[in-house]
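# Coordinates in review
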Amino acid sequence: MKALVLNDLHKFSLGEVEKPQIAHPGDAIIRMTLTTICGSDLHLIHGHIPSTPGYVLGHEFVGVVEAVGSDVKDFKPGDRVTGPAAPYCGQCENCQAGHVAHCTRGGILGSGIEAGDLSGTQSEYIRIPYADVNLVPIPDDLTDEQVLFVGDILSTGYTAVINAELRAGDSLVVYGAGPVGLCAVVAAKLFSPGQIILVDLDPFRLEMGRKLGATHIIRADQEDVLNVIGQLTNNKGADAAIEAVGLPSTFQQAVRCVGIGGRVSVVGIFAENVEVPFPEIFLKNLKIEMGLGDLRHMKRLIRMIETGQIDLTPLITHRMKLNDIQRGYEIFENRTEPVIKIAVTP
Ligand code: NAD
Ligand code: ZN
């Protein structure tokens with residue numbers, strides 16, 4: 001089958017690889033109908049997330065069940081499904097404690113042997129382990145594009161909002177209008193905050209954020225961010241902030257921009273250690289939460305897509321075939337044209 005293979009650090013190409021087969025009785029083989037490119041793929045390609053090259057990239061998918069192992073009860077060939085970027089077993093101690101991102105038998109699709117050796121979704125077929133635990137059926141009335149982001153960036157954006165303990169009427173600041181920050185904006189709207197203040201450098205992304213529900217946008221390269229947030233919150237500071245960039249400066253600003261008793265929710269992934277403004281956190285009685293997105297929300301999120309409460313299709317700025325995916329990476333990485341997400345069909 002055709003697949004995008006990471007051959008070496010910084011080097012990837014479309015090639016022929018073996019089609020995955022059922023390896024365990026709980027597996028399912030999925031024929032891909034839609035996938036996409038994520039910032040994490042770039043981190044893997046460039047070694048910011050260490051991995052041993054020689055595997056198929058990609059971890060977001062929508063597809064049709066092609067075959068199931070003998071233990072799979074809930075799915076059959078022909079079912080339309082999606083699933084988490086990081087499949088988990090549901091049985092180990094970490095899963096049972098609710099930390100499915102730390103499943104001892106799971107892994108991350110398309111992230112190499114270090115992450116469970118699960119082949120990626122930028123291909124024609126994938127193998128999903130523990131299919132009954134991981135696969136989520138797609139209602140007939142929803143398109144592939146409507147559910148494409150549920151298993152990764154939407155779950156992460158929603159987790160960010162849950163961790164921010166957002167309440168009706170709150171003022172929320174979101175740092176980062178990338179795919180994750182924009183998902184956080186959409187998820188935040190579900191909780192009726194009074195203000196969603198979105199901060200980024202990229203005017204196209206900020207305008208997209210406004211369309212998706214941000215009440216205020218701030219250009220971090222042109223405006224004094226903390227000053228503007230101060231004015232918008234009557235100098236009380238925001239009730240909550242979400243960090244979806246992954247830079248020390250935006251984390252520190254997130255701490256600074258919230259008021260007494262504020263909540264800071266971090267989903268950005270940091271490549272370096274961060275100086276933490278401890279006295280300020282202490283004296284303002286702040287609460288800080290962080291970590292990987294919780295992938296157990298997928299069914300709830302799909303229900304909200306069905307009711308029309310969530311629509312992330314505006315994030316899809318480009319559509320292309322797997323054959324053209326290398327051009328897609330070029331656009332996605334270098335932002336040679338305004339881009340947020342690229343939907344890729346085999
Ligand atoms: P992205 O790189 O597309 O988005 C980051 C945004 O931050 C960009 O739009 C960029 O213009 C903006 N930015 C850069 N510097 C800024 C500054 N000084 N002030 C304000 N904005 C600034 O990435 P993404 O895919 O949206 O992911 C965001 C972060 O979330 C990344 O760190 C990613 O690794 C992480 N992530 C975490 C999880 C998780 O489970 N916690 C899952 C997926 C992604
Ligand atoms: Zn991803």
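Residues numbered from 1 in each chain as written. Chains lettered and ligands numbered in written order. Predicted model: local features only at pLDDT ≥ 70, side-chain atom pairs only at ≥ 80, totals over all residues. Heavy atoms only, no water.

All right, on to the nonpolar core then. Among the nonpolar cores identified, the biggest contains 48 residues, and Leu154, Leu198, Ile242 and Leu315 are the most heavily contacted of them. Listed by contribution, the elements that provide at least two residues to this core are helix H5 (150-163), strand E9 (171-175), helix H6 (179-189), strand E10 (195-200), helix H7 (203-212), strand E12 (238-243) and helix H11 (298-306). Counting residues per element, this core draws most heavily on H6, at 7 residues. No fewer than three residues from each of domain 1 (2-149 + 312-345) and domain 2 (154-290) sit in this core. Discounting residues that sit within four places of it in the chain, Leu198 has contacts with Val174, Gly176, Ala177, Leu182, Val185, Leu206, Gly209, Ala214, His216, Ile217 and Ile218. (Core = buried A, V, L, I, M, F, W, Y, C linked by side-chain atoms within 4.5 Å. Buried < 20%, exposed > 50% of the residue type's maximum accessible area, 1.4 Å probe, protein only. Helix = DSSP H or I, 4+ residues; strand = E, 2+ residues; numbered from the N terminus. Domains from an automatic or database assignment. Contact = heavy atoms within 4.5 Å.)

The protein atoms that coordinate the zinc ion (ligand 2) are Cys38 (SG), His59 (NE2) and Asp152 (OD), at distances spanning 1.8 to 2.2 Å. Counting residues between consecutive donors of the zinc ion (ligand 2) along the chain gives the motif C-x20-H-x92-D. With His59 in the loop between strand E4 (55-56) and strand E5 (61-68) and Asp152 in helix H5, this residue pair connects regions lying 93 residues apart in the sequence. The residues His59 and Asp152 share a single accessibility class, namely buried. (Donors = N, O, S within 2.8 Å, 3.2 Å for Na, K, Ca; no water.)

Moving on, we get to the site of ligand 1. Among the 23 residues in the neighbourhood of ligand 1, the closest are listed as Asp200, Arg205, Val267, Ile269 and Gly293. Between ligand 1 and Arg205 there is a distance of 2.9 Å, counted from an oxygen atom to a side-chain nitrogen or oxygen. Within the backbone of Gly291, an N or O atom sits 3.2 Å from a nitrogen atom of ligand 1. Burial of ligand 1 by the protein amounts to 84% of the accessible area it has alone, namely 860 Å². (Near = heavy atom within 4 Å. Polar contact = N/O pair within 3.5 Å; in protein donor to acceptor, adjacent residues only side chain to side chain. Areas by Shrake-Rupley, 256 points an atom, 1.4 Å probe, with all protein chains shown as cover.)

A few words now on the pairing of E9. Within E9, 5 of the 5 residues are buried, which leaves the element mostly enclosed by the surrounding structure. Alternating positions in E9 separate into two faces, Ser171, Val173 and Tyr175 on one and Leu172 and Val174 on the other, with burial throughout. Here E9 pairs with E10 via 5 bridges, running parallel. Counterpart to Val173 in the pairing with E10 is Ile197. With H6 bridging E9 and the parallel E10, this β-α-β connection has right-handed handedness. (Pairing = 2+ DSSP bridges. Right-handed = clockwise from strand over helix to strand, strands pointing away.)

We now examine unusual backbone geometry. A positive phi is found at Ser192, a non-glycine position, where the angle reads about 50°. Locating Ser192 in the fold gives a position in the loop between H6 and E10. By relative accessible area, which is 47% here, Ser192 ends up partly exposed. Its identity is not glycine, yet Asn285 carries a phi of approximately 55°, on the positive side.

Before going further, it helps to examine the packing of aromatic side chains. All told, the structure shown has 3 aromatic pairs when counted by the stated rule. Centroid distance Phe12 to Tyr329: 4.7 Å. Interplanar angle 50°. Geometry classified as tilted. Taken as a pair, Phe12 in strand E2 (residues 11-16) and Tyr329 in helix H12 (residues 325-334) lie far apart in primary sequence, 317 residues in all. Grouping residues by exposure puts Phe12 and Tyr329 together as buried. Ring centres 6.4 Å apart and planes at 90° place the aromatic pair Phe251 and Phe270 in the edge-to-face group. Linking Phe251 in helix H9 (residues 248-257) with Phe270 in the loop between strand E13 (258-266) and helix H10 (278-283), this pair joins segments that are 19 residues apart in sequence. What makes Phe251 buried here is its relative accessible area of 4%. In this structure, Lys19 packs its charged tip against the face of Tyr125, placed 4.2 Å from the ring centre. (Phe/Tyr/Trp six-rings, centres within 6.5 Å; stacked < 30°, edge-to-face > 60°. Lys NZ or Arg CZ within 6 Å of the ring centre and 35° of its normal.)

This brings us to H12. When H12 is considered as a whole, its buried residues turn out to be Ile325, Gly328, Tyr329, Ile331 and Phe332. The arc that holds every buried residue of H12, seen down its axis, measures 165°, which confines them to one face. Buried positions along H12 lie against strand E1 (2-8), E2, helix H1 (39-45), strand E15 (316-321) and strand E16 (341-345). Following H12 by one or two positions, Arg335 adopts a phi angle in the positive range, close to 45°. (Arc of directions from axis to C-beta.)

On to the sheet that holds E9. Pairing is parallel in the open sheet, where 6 strands are placed in the order E11-E10-E9-E12-E13-E14. Of all the strands in the sheet, the pair left with one neighbour each is strand E11 (216-219) and strand E14 (287-290). Taking the axes of each pair of neighbouring strands and ignoring which way they run, one obtains an average angle of 15° across the sheet. In terms of strand pairing, E12 meets E13 through 5 bridges, oriented parallel. (Axes fitted to C-alpha atoms, helices over the stretch in contact; angles between N-to-C directions.)

Turning our eyes to something else, we now look at the confidence of the model for the chain. Here the chain shows a mean pLDDT of 97. Residues at 70 or above account for 100%. Per-element confidence in the chain ranges from a low mean pLDDT of 95 for H1 to a high of 99 for E9. (pLDDT = per-residue confidence, 0-100.)

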